[in-house]
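Analysis of the macromolecular model
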Amino acid sequence: MTKHTRHGMTAVDWLLCALLAAGAMTLTWYALRARGADAKTATVSYTVRIAGADATLFDASPTISPGDAIFSENGTLPLGTVTELHTRPHRRTVVRDGEIQLADVPQRIDIDVTVSATGSYTAGLGWRISEIRIAAGEMGSFHIGAYYATQAEIIGVTVREASGNAGK
Amino acid sequence: MRGNEGRRGSVADLLLVLLLLAVVAGAALRLIDRNADGESRNEEAELVLSIESLSAPIADYLTAGDVLYTTDGTLFGELIAMESTPARVVLEQNGAFFVGTADDERVDLRLSVRVQGVRNGNLFLLNGRISLPIGKVLTLYTDRVALHATIVRWNALTV
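So, here is what we can say about the structure in this document.

Parameters and conventions
- Residues numbered from 1 in each chain as written.
- Chains lettered and ligands numbered in written order.
- Predicted model: local features only at pLDDT ≥ 70, side-chain atom pairs only at ≥ 80, totals over all residues.
- Heavy atoms only, no water.
- Helix = DSSP H or I, 4+ residues; strand = E, 2+ residues; numbered from the N terminus.
- Buried < 20%, exposed > 50% of the residue type's maximum accessible area, 1.4 Å probe, protein only.
- Core = buried A, V, L, I, M, F, W, Y, C linked by side-chain atoms within 4.5 Å.
- Contact = heavy atoms within 4.5 Å.
- Pairing = 2+ DSSP bridges.

This part is about unusual backbone geometry. All names here are of chain A. Notably, Asp 97 is not glycine yet its phi reads approximately 55°, a positive angle. The phi torsion at Glu 131 lies on the positive side, around 70°, for a residue other than glycine. Here Glu 131 shows up in the loop between strand 5 (126–129) and strand 6 (132–133). The exposure class assigned to Glu 131 is exposed, which follows from its relative accessible area of 65%.

Let us now look at the nonpolar core. In terms of nonpolar packing, the biggest core is built from 57 residues, with Tyr 46, Ile 50 and Ile 144 of chain A together with Leu 49, Phe 76 and Leu 111 of chain B touching the most fellow members. For Ile 144 of chain A, the contacting residues outside a window of four places in its chain are Ile 50, Thr 63, Ile 64, Ala 69, Ile 70, Val 82, Val 113 and Ala 149 of chain A.

Here we take up the pairing of strand 4 (residues 99–122) of chain A. Residues and elements named next belong to chain A. Both strand 1 (residues 40–54) and strand 4 contribute to a ladder of 13 bridges, which runs antiparallel. Counterpart to Ala 53 in the pairing with strand 4 is Ile 109. In the sheet, strand 4 pairs with strand 5 via three bridges, with the strands oriented antiparallel. Looking across to strand 5, one finds that Thr 122 is bridged to Gly 126.

This is the structure:
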């Protein structure tokens, strides 16, 4: 025989409500975790190397300058602001006098562009800026200032002002 | 009136029974899945990986103890040792081949990684799911570094 409590609900009704609430809370927790709700944020500084760029493109006008914005390959996702810029001659290995040596390539330069942005960290998924993973060794194409860099490589990542214990 | 209450009660009872059945079925499926993928039979192995011509500053980020993950964030293993040598270069000129190590900014790496998985003959399956055959190129991540490494060999660490 079903025993009614106050509000006209039976013990089974209450148990059912409790189970449904528990299920809803579990689903919510999984959904938030999947969206990186437990991510930590920090200022991420990373360096992109543009290897073998045409030097003449940088002679006439400041194609890339500190303060310029950097965007993802399709130009829609902001990935930070340029803070530093270093150039050097582009070098390649060649055979000279029967030996392998490094030689400067005329009219070609390497440009190291250091960028700063706020990134978020999730265990296993590393540091991300606008959902793009920032890791040394990653290759990609970027819009940097007025320049479009193809197959540029991230050669360094530094994390500052980390909240929590994510930044080492 | 009484009939309606009785019907409501039995519908609630039925829902409760269905919920309990779903919970039991979920637990059973999870147990079956775990046994099927061999999690309970996992053993440790040392995986030797090779990376050619890596930019030296990137190699400097790696240290023993680093945890490696796959692209989707799945735990891969722990870096237990690494050996760095100047990157080997092979160039051809006028039909002759030259071998050297002129580029001091690049290194060849050998990584030893401790992984957990299941042995299946000559094959090793990471967590019983992902095959790790010799020659396979893997994309792995630490917190700061992306690596594209080739599997050279694996050795069982436990019997």
